[in-house]
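# Fold and contact review
Take a look at the letters that make up each chain.
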Amino acid sequence: MNTVNQSIVRDMNLAPNGHLKIDWVKEHMPVLNRIREQFEKEQPFKGLKVAISLHLEAKTAYLAKVVQAGGAEVTITGSNPLSTQDDVAAALVEDGITVFAKYNPDPQEYKEHLIKTLETKPDLIIDDGGDLVTILHSERPDLARQVRGGCEETTTGVLRNRALEKSGNLTFPMIAVNDAYCKYLFDNRYGTGQSVWDGINRTTNLVVAGKTVVVVGYGWCGRGVALRAKGLGAKVIVTEIDGIKAIEAYMDGFEVMPMIEAAKHGDYFVTVTGNRDVIRGEHMAVMKDGAILSNAGHFDIEINKPELEELSTSKRTVRKDIEEFVRKDGRKIYLLAEGRLVNLAAGDGHPAEIMDMTFALQAVSLAYINEKYKEIGKKVLNVPYELDDKVARLKLEALGIGIDTLTEEQQAYLNSWKEE
Ligand SMILES: NC(=O)c1ccc[n+]([C@@H]2O[C@H](COP(=O)([O-])OP(=O)(O)OC[C@H]3O[C@@H](n4cnc5c(N)ncnc54)[C@H](O)[C@@H]3O)[C@@H](O)[C@H]2O)c1
């Protein structure tokens, strides 16, 4: 297929660097490599079209190539305007994948890329944040007819999928990859924990030790962000709306307080709630001079940007991915990566070894839904435990770590209600 003619990317001359990036991550994704070998033999997607919307960087590119190796005709677009890497996009086109994605397209162009991806009439989809599913269930139901099902990558998308299911309008099954153990325990926690600080540190080039970091939301991602902030030597404050998570944060050694209090103390703020307006004008008004705001939640709505603009007399870009806002009394606030996911918009996203498990789950879940979509029906389904366990065991094997197995007596004991 002539993917060069069909695709929309920034510059095909960037492809050689994209290939190098993909080769590097491939070396660090042993589980996905094993699944690729299996797909090459079994061809689970032979003759099928797969549409993918994910942060288009090297690890995602390798997932697209693994799905292609399973026999699929793959089309891919981004899932955030600032996370597409143009060199990786160009490399994929050379590898026979149709790409509609550029770094920093305007909102209309970004949307057009999502729609063009769906206009290929996919049989299966991989979505991140729910944009493909939403378009298929609102503006373009005509493109949903042949969709057998798909997989959703992140917390926000799973919430949107479940809301659609609850409303009775979901027209095909979706697997909540985010909710698998091998996803959120590692990707959301350790992946986000490390890559958020990578993104903030490479963007600001400032010290974290001794500073106060406010982590907004102590879910799977927030736990990781707070843990790594502590490791970097910061004093960490957590804000929450959930009582249980708040006690957990307290017992983990962090200070817990309402945002209006925390706002006065923070040098760095990281929002990671999946909710909107968790930092608002009233909070920004009392922040210290030089406070640095960043977001790691899926959408750029966690920090209320219009209210930040209203509070400010001027705004300018002071360094790549850093905007300076000057409040009326002269005090400054810095916003990183326009309030979009800082680890992807101002970094390379999670480490390859982490995405190895997440994308292995994506690959096996996609094959599963293709096989079982008729019997599953129009539901949001969790990743079956056997698939989660398979990915964990392949990862352990790749790490050279052995674990024990139950003896017959232990198995019997665990299954008995009266044996002592
Ligand atoms: N940056 C990344 O690479 C990355 C990776 C995975 C997930 N995500 C996204 O990050 C977000 C969070 O994901 P998660 O898996 O941690 O979700 P989660 O549901 O485990 O945690 C979210 C937490 O935010 C809290 N919260 C909600 N509203 C709040 C408010 N107003 N103030 C304080 N806390 C509030 C909730 O009580 C919950 O504990 C989602 O949007 C998800 O899609 C981003």
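Quick summary incoming for the structure in this document. If you're wondering where the values come from, they're calculated on a predicted model, not measured in any experiment.

## What about the side chain of Gln-85?
With respect to the helices, strands and loops of the structure, Gln-85 is situated in the loop between β2 (73-77) and α5 (86-94). Residue classification places Gln-85 among the buried residues on the basis of a relative accessible area of 12%. Here Gln-85 is in contact with Lys-21, Leu-56, Glu-57, Gly-347 and Asp-348, once residues within four sequence places are set aside.

## As for the site of the ligand
The environment of the ligand is formed by 29 residues, the closest being Thr-154, Thr-155, Thr-156, Glu-240 and Asn-343. Contact between the ligand and Glu-240: an oxygen atom at 2.5 Å from a side-chain N or O atom of the residue. At 2.9 Å, a side-chain N or O of Lys-245 approaches an oxygen atom of the ligand. Only α8 (155-166), α9 (181-204), α10 (220-231) and α15 (342-345) provide two or more residues apiece to the shell around the ligand. The dominant element in the shell around the ligand, judged by the number of residues it contributes, is α9, at three residues. Each of domain 1 (3-183 + 350-399) and domain 2 (188-345) contributes no fewer than three residues to the shell around the ligand.

## Things to note about the pattern of salt bridges
Enumeration over the complete set of coordinates arrives at 31 salt bridges. One salt bridge connects Asp-87 with Lys-21, and the closest N-O pair in it is separated by 3.0 Å. Taken together, the residues Asp-87 in helix α5 and Lys-21 in helix α2 (residues 15-27) connect sequence positions 66 residues apart. Lys-315 serves as the salt-bridge partner of Glu-309, at 3.0 Å between the closest nitrogen and oxygen. Taking the relative accessible area as the measure of exposure, Lys-315 reaches 45% and is therefore partly exposed. Each of Asp-300, Lys-305, Glu-338 and Arg-340 takes part in a single network of salt bridges with overlapping partners.

## Describing the side chain of Ser-83
In this fold, Ser-83 is placed in the loop between β2 and α5. Within the structure, the side chain of Ser-83 is placed 2.8 Å from the side chain of His-55, a separation counted as a polar contact. In contact with Ser-83, other than residues within four places in its own chain, are His-55, Leu-56, Glu-57 and Leu-344.

## Some thoughts on the sheet that holds strand β13 (residues 322-327)
The eight strands are arranged β9-β8-β7-β10-β11-β14-β13-β12 in an open sheet whose pairing can be described as mixed. The open sheet has two free edges, formed respectively by β9 (255-256) and β12 (312-319), since each of these has just one partner strand. As paired elements, β13 and strand β14 (residues 332-336) share five bridges and run antiparallel to each other. Looking across to β14, one finds that Val-326 is bridged to Lys-332. Relative to the sheet, α9 contacts β7 (212-216), β10 (268-271), β11 (291-295), β12, β13 and β14, its axis offset from that of β10 by approximately 140 degrees.

## As for the nonpolar core
Core analysis: the largest hydrophobic core is formed by 56 residues, its most contacted members being Leu-32 and Val-99. The greatest single-element share of this core, amounting to 13 residues, is contributed by helix α16 (residues 352-376). Setting aside its immediate chain neighbours within four residues, Leu-32 contacts Tyr-62, Leu-63, Val-66, Asp-356, Phe-359, Ala-360 and Ala-363.

## A word on the sheet that holds strand β6 (residues 174-176)
The pairing of strands in a sheet happens through backbone hydrogen bonds and is either parallel or antiparallel. Read across the open sheet, the seven strands follow the order β3-β2-β1-β4-β5-β6-β15; overall the sheet is parallel. The sheet is open, and its two edges are formed by β3 (98-100) and β15 (380-382), each paired on a single side. Averaged over all adjacent pairs, the angle separating strand axes in this sheet is 20 degrees, with direction ignored. Where β2 meets β3, three bridges bridge the pair, whose relative direction is parallel. Its bridge partner lying in β3, Thr-75 is registered against Thr-98. Strands β1 (49-53), β2 and β3 of the sheet are contacted by helix α6 (residues 107-118), whose axis makes an angle of about 165 degrees with β2.

## Some thoughts on unusual backbone geometry
Of note, Lys-121 is a non-glycine position whose phi angle comes to about 55 degrees, a positive value. Among the structural elements, Lys-121 can be located in the loop between α6 and β4 (124-127). A relative accessible area of 43% places Lys-121 in the partly exposed class. Phi at Asp-277 is positive, roughly 55 degrees, even though this residue is not glycine. Examined against the element boundaries, Asp-277 turns out to sit in the loop between β10 and α13 (281-284).

## Some remarks on the packing of helix α3 (residues 30-42) against α16
Where α3 contacts α16, the axes come no closer than 8 Å and their chain directions differ by 25 degrees. In this view, α3 runs roughly parallel relative to α16, as classed from their interaxial angle. Residues Pro-30, Val-31, Leu-32, Ile-35 and Phe-39 of α3 lie in contact with α16, whose contacting residues are Asp-356, Phe-359, Ala-360, Ala-363, Val-364 and Ala-367. The residue makeup of the contact of α3 with α16, split by class, is ten nonpolar, no polar and one charged.

Criteria and thresholds
Residues numbered from 1 in each chain as written. Predicted model: local features only at pLDDT ≥ 70, side-chain atom pairs only at ≥ 80, totals over all residues. Heavy atoms only, no water. Helix = DSSP H or I, 4+ residues; strand = E, 2+ residues; numbered from the N terminus. Buried < 20%, exposed > 50% of the residue type's maximum accessible area, 1.4 Å probe, protein only. Contact = heavy atoms within 4.5 Å. Near = heavy atom within 4 Å. Polar contact = N/O pair within 3.5 Å; in protein donor to acceptor, adjacent residues only side chain to side chain. Domains from an automatic or database assignment. Salt bridge = Lys/Arg side-chain N within 4 Å of Asp/Glu carboxyl O. Pairing = 2+ DSSP bridges. Axes fitted to C-alpha atoms, helices over the stretch in contact; angles between N-to-C directions. Core = buried A, V, L, I, M, F, W, Y, C linked by side-chain atoms within 4.5 Å. Parallel < 35°, antiparallel > 145°, perpendicular 65-115°, else oblique. Nonpolar A, V, L, I, M, F, W, Y, C, P; charged D, E, K, R; others polar.

Just geometry here; none of it tells us what the structure is for.
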